[in-house]
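The chain contents come next:
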2 protein chains.
Amino acid sequence: MTSETEIFKVLDFISEKALREEILEYCQVLTFQKGETIVREGEYVKVLPIVLSGHIRVFQAKEDREILLYYVDPSQTCMMSLSACFYNNQSPSQAVAVSETKILAIPTRYITQWQKKYNSWNNFVIKTFRNRYDELLETFESVAFDHIDKRVMEYLNHRKEKEDTSIIKLSHQQLAYELGTTRVVISRILKQFEMDGILKLHRAEIELL
Amino acid sequence: MTSETEIFKVLDFISEKALREEILEYCQVLTFQKGETIVREGEYVKVLPIVLSGHIRVFQAKEDREILLYYVDPSQTCMMSLSACFYNNQSPSQAVAVSETKILAIPTRYITQWQKKYNSWNNFVIKTFRNRYDELLETFESVAFDHIDKRVMEYLNHRKEKEDTSIIKLSHQQLAYELGTTRVVISRILKQFEMDGILKLHRAEIELL
DNA sequence: GGATAACGGTATCAAAAGATACCATTGCCG
DNA sequence: CGGCAATGGTATCTTTTGATACCGTTATCC
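What you see is a predicted model; the values in this text were computed from it and never measured.

The rules behind the values
Residues numbered from 1 in each chain as written. Chains lettered and ligands numbered in written order. Predicted model: local features only at pLDDT ≥ 70, side-chain atom pairs only at ≥ 80, totals over all residues. Heavy atoms only, no water. pLDDT = per-residue confidence, 0-100. Helix = DSSP H or I, 4+ residues; strand = E, 2+ residues; numbered from the N terminus. UniProt positions renumbered as here; feature names shortened; annotations may be inferred. Pairing = 2+ DSSP bridges. Axes fitted to C-alpha atoms, helices over the stretch in contact; angles between N-to-C directions. Core = buried A, V, L, I, M, F, W, Y, C linked by side-chain atoms within 4.5 Å. Buried < 20%, exposed > 50% of the residue type's maximum accessible area, 1.4 Å probe, protein only. Contact = heavy atoms within 4.5 Å.

Examining the confidence of the model for chain A
Residue and element names in this part refer to chain A. In the predicted model, chain A carries a mean pLDDT of 91, and the fraction of residues at 70 or more is 99%. Confidence, expressed as mean pLDDT per element, reaches its minimum in chain A at helix α3 (residues 79–86) with 79 and its maximum at helix α7 (residues 172–179) with 96. Overall fold confidence (pTM) sits at 0.91, and the ipTM for the predicted complex is 0.90.

If you want it as structure tokens, here you go:
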């Protein structure tokens, strides 16, 4: 999985040969186990991680609550890191590996260098900023204006689309963490949905009808 | 205010002579009156507005509620527009002139062109993305985790710092719009703060003690 | 097989926020 | 000067969400 060809099979947007060579020369492939923390809140960011395989969950935490910001999937990078590394800043949020995850670790000094030298890299940076911003804005909107029941439905439908399955493997507690609320609230709402015939509850599993 | 020298007095970060010339050749200065809408939600974005004088308020609205995203002050630009114009997208939020506002309107086709040609322009674009993202994240955090009373205090202190005065000119309704809640809720909280001796209420004016 | 942890159903109570309504005051405009 | 809009004080009621507590079930691990 970490051979040259495999790396650029995932990072197929990197077209320049010279950039590929620089990547092989200066970057490292790191592996994180499921549940391992990749970036801590307040930590200084020294490398930009691009996901090669697996998934990273980026979230904000406060006391015993947490709320999902987004997932980083293969060929994507973490907005926090990108933002933080431009000015050698601290990360405002946490990142944890959802499953075993391999990342390409790019030392921050190359980010801006490559932006000037390589078109595809500049596009990648801009696209990341853009997409993550839009995503955050969408989440913001739903947190600011919507009730939790609607947010639960939206979250489940989003998962359904993304994973192309009606059965979402997820405990009530996990769902509470995703949306920034508590388990009891989620159980209550899901039960109501089940009574309305919208879904069926199984152990650590939600079946959309 | 719209003479060449005045423009680049505000946009002093633009160092390249060639870029200054391109700006003068291809861009227009537009004036908006107080309260005038600059960008509507869902509208396609064709120019990137950089504020020369005055202030723009960018917010999201839903039914009779609205919530502040950020202000655009002189020498800054609107994140929405920047994001939207990269892919010829619709604006996800609205922008209104707070006071008489002059902007430099840059046709979107130059944004990426200049990014490659001019260092200072690329920095401007990146810095805008970065700062707006961090700002949004901060607002998101407070909406997700904090109660309204705390958000009211934070908003007022922020204004106090920014404007360097203890007297904030603001009606309860306006404050409700900034924070995405209703007038009655704000009046209730402010009254409580006044009873606690934290501030003093005047008509359309809040005095921090 | 028994301890233990994860999962989740549910009841009760409290707090936060929103909805509505009504009225008094102030400022402005014709 | 009279009307009208903006401002804001306040009371009442409801809804939403959160906090706590308790218990039964299921899975997992020695």
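Here we look at the UniProt feature "domain: Cyclic nucleotide-binding" (unreviewed entry) in chain A
In the numbering used here, UniProt assigns the "domain: Cyclic nucleotide-binding" (unreviewed entry) feature to residues 16–69 of chain A. Annotated as 19% helix and 50% strand, the span residues 16–69 of chain A places its first and last C-alpha atoms 32 Å apart.

Some details on the sheet that holds strand β3 (residues 47–53) of chain B
Residues and elements named next belong to chain B. Strand order in the open sheet formed by 3 strands is β1-β7-β3, and the pairing between neighbours is antiparallel. Taken across any chain shown, the strands that pair with only one partner, and hence form the sheet edges, are β1 (28–32) and β3. Strand after strand, the sheet turns through a mean of 35° between neighbouring axes, direction not considered. The pairing of β3 with strand β7 (residues 101–107) spans 6 bridges and is classified as antiparallel. Within β7, the position partnered with P49 by the bridge is A105.

A look at the nonpolar core
Counting residues in each nonpolar core, the largest one holds 100 residues, and the members touching the most others are I106(A), W121(A), I106(B) and W121(B). Residues within four places of I106(B) in sequence aside, it is in contact with C27(B), K46(B), V47(B), L48(B), I50(B), I111(B), W114(B) and W121(B).

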